[in-house]
Amino acid sequence: MPWMLGPLLGNAALVLTRPPQVLEGYAFPLPFRTFFVGLIGVMIGTQVTADLLMMAAQLPLTIAALVVFTLAAQFGNMAIFQRIGGLDRPTAFFAGTPGGLMESILFGEKAGADMQALMMQQFLRIIVVVSVLPLAISLWLGTPVGSAAGMQSSGSNEVAFGTMIMIALTALAGLYLAGLIQLPASQLIGPMVLAAAINLSGVVDLHLPIWLIALAQMVIGASLGLRFAGVDGALLRRALWLSLLSVGFMLLLGLGFAVVLHAATGIDVLVLLISFAPGGVTEMSIIALSLAANPALVSLHHIARILMTVVELTVLSKWLGLR
């Protein structure tokens, strides 16, 4: 995924070493990023086909397994951050959630967690997964995968102007409608569902041109890299090795679930592994697109994981006395 990882690593190195004065007080423009997340949602929606709907009978088992995975990842991470990392209990709990970045930050702030440590661990969870997972899959399979293997998108750079207008309107309409009814991960889900409906209707072909897919990945990568601005070197080193422990634990846990579920459902292990990997919905969907690993199915599981995490945060934080 060079179009996302390049800007991510380049911007992170820039702001961590010698940040230019022009970036002083700069924050990445959220509406700009939101529009491109919406475009990624449209891109995923075009992957929804009748074949995906035929897999519905297998999904209750994988969703049930996802509940167990979410709880196991939560308590495992809490142990890592509290016993090995020395974080206090509220910070360890909310830093250890395997999803729901913004929800974890909001809940953690109310519970009196160390916000700098909490936000760093949550941001690093996504960044480490995005950086490590494609490489880990390549090493596991013994051969490069996705764009590293020379795979090209099935799209085209030649797209009619009218189609480009339809793509942009679908993204904007999806963003508006999802925000209106307050869907979780609305920036991705709204455009994705709307594009899927249009794609299944056969009225318009909304497949994005290759250059727009690359541009969307660059925007997401650049925004992730700039999140390292102002981070202290000592804090970063401490947070990074804890994040590597946490992500390693969750990836191994997810692999175990993927192997068992493959035997039970026949769904490809690679698709299941990406579905259980604890990255952000947008970032994991991009990985699935890059590896041609059923991105619609992957996105569905990550949306479910976010919903489970929000419910889990609400229930367990009260049960553990983290108010």
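Use the structure listed above.
Not measured: the values here are computed from a predicted model.

Where do I start with empty space enclosed by the protein in this structure?
Empty space among the atoms can be located by rolling a probe the size of a water molecule over them. Across all of its chains, the model carries 2 cavities of 30 Å³ or more by this definition. Roughly 50 Å³ of internal volume is contained in the largest cavity. Together, Leu87, Ala117, Gln121, Leu235, Arg238, Ala239 and Leu242 line the largest cavity. Secondary structure elements with two or more residues in the lining of the largest cavity: α7 (115-141) and α11 (233-265). Per-element tally for the lining of the largest cavity: the top contributor is α11, with 4 residues. In terms of residue class, the lining of the largest cavity is made up of 5 nonpolar, 1 polar and 1 charged. By volume, the second largest cavity is sized at about 40 Å³.

What is the right way to read the packing of aromatic side chains from this model?
Two numbers describe a pair of aromatic rings. These are the distance of the centres and the angle of the planes. Under the criterion given, the structure shown has 7 aromatic pairs. Judged by centre distance (6.3 Å) and plane angle (50°), the ring pair of Phe28 and Phe32 falls under tilted. Their ring planes at 85° and their centres at 5.5 Å tell us that Phe69 and Phe276 sit as a pair that is edge-to-face. With Phe69 in helix α4 (residues 59-84) and Phe276 in helix α12 (residues 269-276), this residue pair connects regions lying 207 residues apart in the sequence. The pair Phe69 / Phe276 is uniform in exposure class, with both members buried. Members of the aromatic cluster, connected to one another through ring pairs, are Phe28, Phe32, Phe35 and Phe36.

Would you mind going over the nonpolar core with me for this structure?
Among the nonpolar cores identified, the biggest contains 60 residues, and Ile40, Phe93 and Leu208 are the most heavily contacted of them. Top element by residues in this core is α7. It accounts for 9 residues. Not counting residues up to four positions away in its chain, the partners in contact with Phe93 are Gln74, Met78, Glu312, Leu313, Leu316, Ser317, Leu320 and Leu322.

Could you clarify how one ought to interpret helix α8 (residues 161-180) in this entry?
For an α-helix, the turn length of 3.6 residues means that residues three or four places apart are oriented alike. With 20 residues, α8 should cover 28 Å at 1.5 Å per step; its first-to-last C-alpha distance of 29 Å lies within 8% of that length. Those residues of α8 that sit buried are Thr163, Ile167, Thr170, Ala171, Gly174, Leu175 and Ala178. Considered in projection along α8, the buried side chains sweep an arc of 125° and stay on one side of the axis. Opposite the buried face of α8, by more than 90 degrees, sit the exposed residues Phe161, Tyr176 and Leu180. Buried-residue contacts for α8 involve α2 (30-45) and α9 (186-201). The positive-phi residue at the C-terminal boundary of α8 is Gln182, with phi of around 55°.

Procedures and definitions
- Residues numbered from 1 in each chain as written.
- Predicted model: local features only at pLDDT ≥ 70, side-chain atom pairs only at ≥ 80, totals over all residues.
- Heavy atoms only, no water.
- 1 Å grid on protein atoms, 1.4 Å probe; cavity = no way out; pocket = protein on both sides within 12 Å on 5 of 7 lines; lining within 4 Å.
- Points joined across faces, edges and corners; volume = space filled by probe spheres on them.
- Helix = DSSP H or I, 4+ residues; strand = E, 2+ residues; numbered from the N terminus.
- Nonpolar A, V, L, I, M, F, W, Y, C, P; charged D, E, K, R; others polar.
- Phe/Tyr/Trp six-rings, centres within 6.5 Å; stacked < 30°, edge-to-face > 60°.
- Buried < 20%, exposed > 50% of the residue type's maximum accessible area, 1.4 Å probe, protein only.
- Core = buried A, V, L, I, M, F, W, Y, C linked by side-chain atoms within 4.5 Å.
- Contact = heavy atoms within 4.5 Å.
- Expected span 1.5 Å × (residues − 1).
- Arc of directions from axis to C-beta.

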